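Observations on chain architecture
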Amino acid sequence: MADTIKQHLGSVALLVHDYDEAIAFYTTKMGFVLLQDTDLGAGKRWVQLSPPGSNGANLLLAKARKPEQTAVVGNQAGGRVFLFLHTNDFWRDYQAMVAKGVQFNELPREEPYGTVAVFEDLYGNKWDLLQLNAVC
(Lines give C-alpha, C1' and ligand atoms only; values in the text may rest on other atoms or scores of the structure.)
Protein backbone atom coordinates (compact mmCIF):
# COMPACT_ATOMS: atom_id res chain seq x y z
CA MET A 1 0.00 0.00 0.00
CA ALA A 2 1.39 3.40 -1.01
CA ASP A 3 1.96 6.12 1.56
CA THR A 4 -0.48 9.01 1.45
CA ILE A 5 1.17 12.23 0.35
CA LYS A 6 0.40 15.14 2.68
CA GLN A 7 1.67 18.60 1.85
CA HIS A 8 0.63 22.17 2.49
CA LEU A 9 1.99 25.65 2.00
CA GLY A 10 3.48 26.68 5.31
CA SER A 11 4.43 30.27 4.57
CA VAL A 12 4.51 32.81 1.77
CA ALA A 13 7.52 35.13 1.86
CA LEU A 14 6.62 38.78 1.47
CA LEU A 15 9.38 41.33 0.88
CA VAL A 16 9.11 44.40 3.10
CA HIS A 17 11.16 47.54 3.67
CA ASP A 18 10.87 47.41 7.44
CA TYR A 19 9.73 44.64 9.80
CA ASP A 20 8.09 46.88 12.39
CA GLU A 21 6.06 49.01 9.97
CA ALA A 22 4.85 45.86 8.21
CA ILE A 23 3.91 44.19 11.51
CA ALA A 24 2.00 47.34 12.52
CA PHE A 25 0.06 47.42 9.24
CA TYR A 26 -0.89 43.76 9.18
CA THR A 27 -1.86 43.60 12.87
CA THR A 28 -3.67 46.93 13.26
CA LYS A 29 -5.22 47.50 9.83
CA MET A 30 -5.86 43.91 8.76
CA GLY A 31 -6.26 42.25 12.16
CA PHE A 32 -3.56 39.63 11.59
CA VAL A 33 -1.99 37.82 14.53
CA LEU A 34 1.76 38.03 15.11
CA LEU A 35 2.78 34.39 15.50
CA GLN A 36 6.53 34.76 15.81
CA ASP A 37 9.15 37.50 15.83
CA THR A 38 12.58 36.03 16.46
CA ASP A 39 15.85 37.95 16.15
CA LEU A 40 18.25 35.98 13.94
CA GLY A 41 21.11 38.45 14.31
CA ALA A 42 22.70 40.81 11.80
CA GLY A 43 19.39 42.69 11.37
CA LYS A 44 17.46 39.60 10.25
CA ARG A 45 14.27 38.40 11.93
CA TRP A 46 11.92 35.45 11.51
CA VAL A 47 8.51 37.15 11.47
CA GLN A 48 5.33 35.19 10.82
CA LEU A 49 1.80 36.58 10.77
CA SER A 50 -1.53 34.93 10.15
CA PRO A 51 -5.10 36.05 9.55
CA PRO A 52 -7.30 35.49 12.62
CA GLY A 53 -8.69 31.96 12.81
CA SER A 54 -6.49 30.72 9.96
CA ASN A 55 -5.19 27.19 9.68
CA GLY A 56 -3.55 27.82 6.30
CA ALA A 57 -0.37 29.46 5.09
CA ASN A 58 1.22 32.29 7.04
CA LEU A 59 3.00 35.41 5.87
CA LEU A 60 6.74 35.31 6.43
CA LEU A 61 8.09 38.85 6.32
CA ALA A 62 11.45 39.12 4.58
CA LYS A 63 13.31 42.41 4.80
CA ALA A 64 14.62 43.43 1.39
CA ARG A 65 18.39 43.74 1.51
CA LYS A 66 19.68 43.65 -2.06
CA PRO A 67 18.80 46.26 -4.72
CA GLU A 68 16.89 43.69 -6.79
CA GLN A 69 14.79 42.82 -3.72
CA THR A 70 14.16 46.45 -2.80
CA ALA A 71 13.06 47.15 -6.38
CA VAL A 72 10.17 44.68 -6.17
CA VAL A 73 8.82 45.44 -2.69
CA GLY A 74 5.13 46.08 -3.32
CA ASN A 75 5.22 44.52 -6.77
CA GLN A 76 6.17 40.89 -6.27
CA ALA A 77 3.47 39.78 -8.73
CA GLY A 78 4.18 42.27 -11.50
CA GLY A 79 1.09 44.39 -10.81
CA ARG A 80 -1.36 41.50 -10.53
CA VAL A 81 -3.23 40.44 -7.42
CA PHE A 82 -0.64 38.57 -5.36
CA LEU A 83 -2.43 37.33 -2.27
CA PHE A 84 -6.00 36.20 -1.60
CA LEU A 85 -7.50 36.80 1.84
CA HIS A 86 -10.51 34.51 2.22
CA THR A 87 -13.17 35.44 4.76
CA ASN A 88 -16.42 34.03 6.08
CA ASP A 89 -17.99 37.52 6.22
CA PHE A 90 -16.93 39.82 3.38
CA TRP A 91 -18.90 42.89 4.50
CA ARG A 92 -17.69 42.71 8.12
CA ASP A 93 -14.06 42.61 7.03
CA TYR A 94 -14.44 45.09 4.19
CA GLN A 95 -16.07 47.68 6.46
CA ALA A 96 -13.48 47.14 9.22
CA MET A 97 -10.59 47.50 6.81
CA VAL A 98 -12.03 50.63 5.19
CA ALA A 99 -12.56 52.14 8.66
CA LYS A 100 -8.89 51.46 9.47
CA GLY A 101 -7.68 53.15 6.30
CA VAL A 102 -6.94 50.20 4.03
CA GLN A 103 -6.98 51.40 0.41
CA PHE A 104 -9.37 49.50 -1.85
CA ASN A 105 -8.82 49.87 -5.59
CA GLU A 106 -12.42 49.17 -6.51
CA LEU A 107 -15.90 48.80 -5.11
CA PRO A 108 -16.88 45.28 -4.01
CA ARG A 109 -18.38 43.15 -6.74
CA GLU A 110 -20.28 39.92 -7.07
CA GLU A 111 -18.65 37.30 -9.26
CA PRO A 112 -19.86 33.76 -10.03
CA TYR A 113 -17.40 32.46 -7.41
CA GLY A 114 -18.19 34.98 -4.66
CA THR A 115 -17.89 38.55 -3.36
CA VAL A 116 -14.53 40.23 -3.97
CA ALA A 117 -12.66 43.54 -3.92
CA VAL A 118 -9.02 44.36 -4.61
CA PHE A 119 -7.05 46.28 -1.99
CA GLU A 120 -3.43 47.23 -1.42
CA ASP A 121 -1.17 46.68 1.54
CA LEU A 122 1.20 49.34 2.86
CA TYR A 123 3.69 48.72 0.05
CA GLY A 124 1.21 48.46 -2.82
CA ASN A 125 0.94 44.67 -3.14
CA LYS A 126 -2.50 43.85 -4.49
CA TRP A 127 -4.73 41.50 -2.53
CA ASP A 128 -8.23 40.13 -3.04
CA LEU A 129 -10.59 40.19 -0.09
CA LEU A 130 -12.79 37.27 -1.02
CA GLN A 131 -15.80 35.41 0.31
CA LEU A 132 -16.39 32.35 -1.82
CA ASN A 133 -19.88 31.12 -2.58
CA ALA A 134 -20.89 27.89 -0.88
CA VAL A 135 -20.49 25.97 -4.16
CA CYS A 136 -16.83 26.95 -4.62
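All residue numbers here refer to positions counted from 1 along the written sequence of the relevant chain. Residues qualify for local features only when their pLDDT is at least 70, as the model is predicted, and side-chain atom pairs are given and counted only at 80 or more; totals for whole chains, interfaces and linings, by contrast, use all residues. By convention in this description, side-chain values take in all heavy atoms of the structure and omit both hydrogens and water.

- The chain appears in an unreviewed UniProt entry as Glyoxalase family protein from Rheinheimera nanhaiensis E407-8.

Some remarks on the UniProt feature "domain: VOC" (unreviewed entry) in the chain
- The sites that carry the UniProt feature "domain: VOC" (unreviewed entry) are, in the present numbering, residues 8-132.
- Annotated as residues 8-132, this span is 20% helix and 42% strand, and its ends, taken at the C-alpha atoms, are 20 Å apart. UniProt positions are given in the numbering used here, feature names are shortened, and annotations may be inferred rather than shown by experiment. Put simply, DSSP H or I for four residues or longer makes a helix, DSSP E for two residues or longer makes a strand, and each gets a number counted from the N terminus.

Some words on the environment of Phe-90
- If you trace the backbone, Phe-90 turns up in helix 3 (residues 90-99).
- On a C-alpha basis, the gap between Phe-90 and Gln-131 in space is 5.5 Å, while along the polypeptide they are 41 residues apart.
- Not counting residues within four places of it along the chain, the set of residues in contact with Phe-90 comprises Pro-108, Thr-115, Val-116, Ala-117, Leu-129, Leu-130 and Gln-131. Whether two residues touch is decided by their heavy atoms; if any such pair falls within 4.5 Å, the residues are in contact.

Some points on the nonpolar core
- Buried residues of nine kinds, namely Ala, Val, Leu, Ile, Met, Phe, Trp, Tyr and Cys, make up a nonpolar core once their side-chain atoms join them within 4.5 Å. Exposure categories follow from relative accessible area, calculated using a 1.4 Å probe and restricted to protein chains: below 20% of the type maximum is buried, above 50% is exposed, and the middle band is partly exposed. Tyr-26, Met-30, Leu-61 and Trp-127 are the most contacted members of the largest nonpolar core, which has 28 residues in total.
- Residue assignment for this core shows that the elements contributing at least two residues are strand 1 (11-16), helix 1 (19-29), strand 3 (44-50), strand 4 (58-63), strand 5 (81-86), helix 3, strand 8 (114-120) and strand 9 (126-132).
- With five residues, helix 1 is the largest single contributor of residues to this core.
- Residues within four places of Trp-127 in sequence aside, it is in contact with Tyr-26, Met-30, Phe-32, Leu-59, Val-81, Leu-83, Leu-85, Ala-117, Val-118, Phe-119 and Asp-121.

Notes on helix 1
- Inspection of helix 1 places Tyr-19, Ala-22, Ile-23, Phe-25 and Tyr-26 among the buried residues, and these make up the whole buried set. Projected onto a plane normal to the axis of helix 1, the buried residues spread over an arc of 165° and lie on a single side.
- The inward-facing, buried residues of helix 1 abut strand 1, strand 2 (33-41), strand 3, strand 4, strand 8 and strand 9.
- Each polar contact in these results corresponds to two N or O atoms within 3.5 Å; when the atoms are within protein, one needs to be able to donate a hydrogen and the other to accept it, and residues that are neighboring in sequence are counted only if both atoms are side-chain atoms. In this structure Asp-18 caps helix 1, since a side-chain oxygen of it lies 3.1 Å from the backbone nitrogen of Asp-20.
- Directly beyond the C-terminal end of helix 1, a positive phi value near 75° is found at Gly-31. Directions from the helix axis toward the C-beta atoms define the arc.

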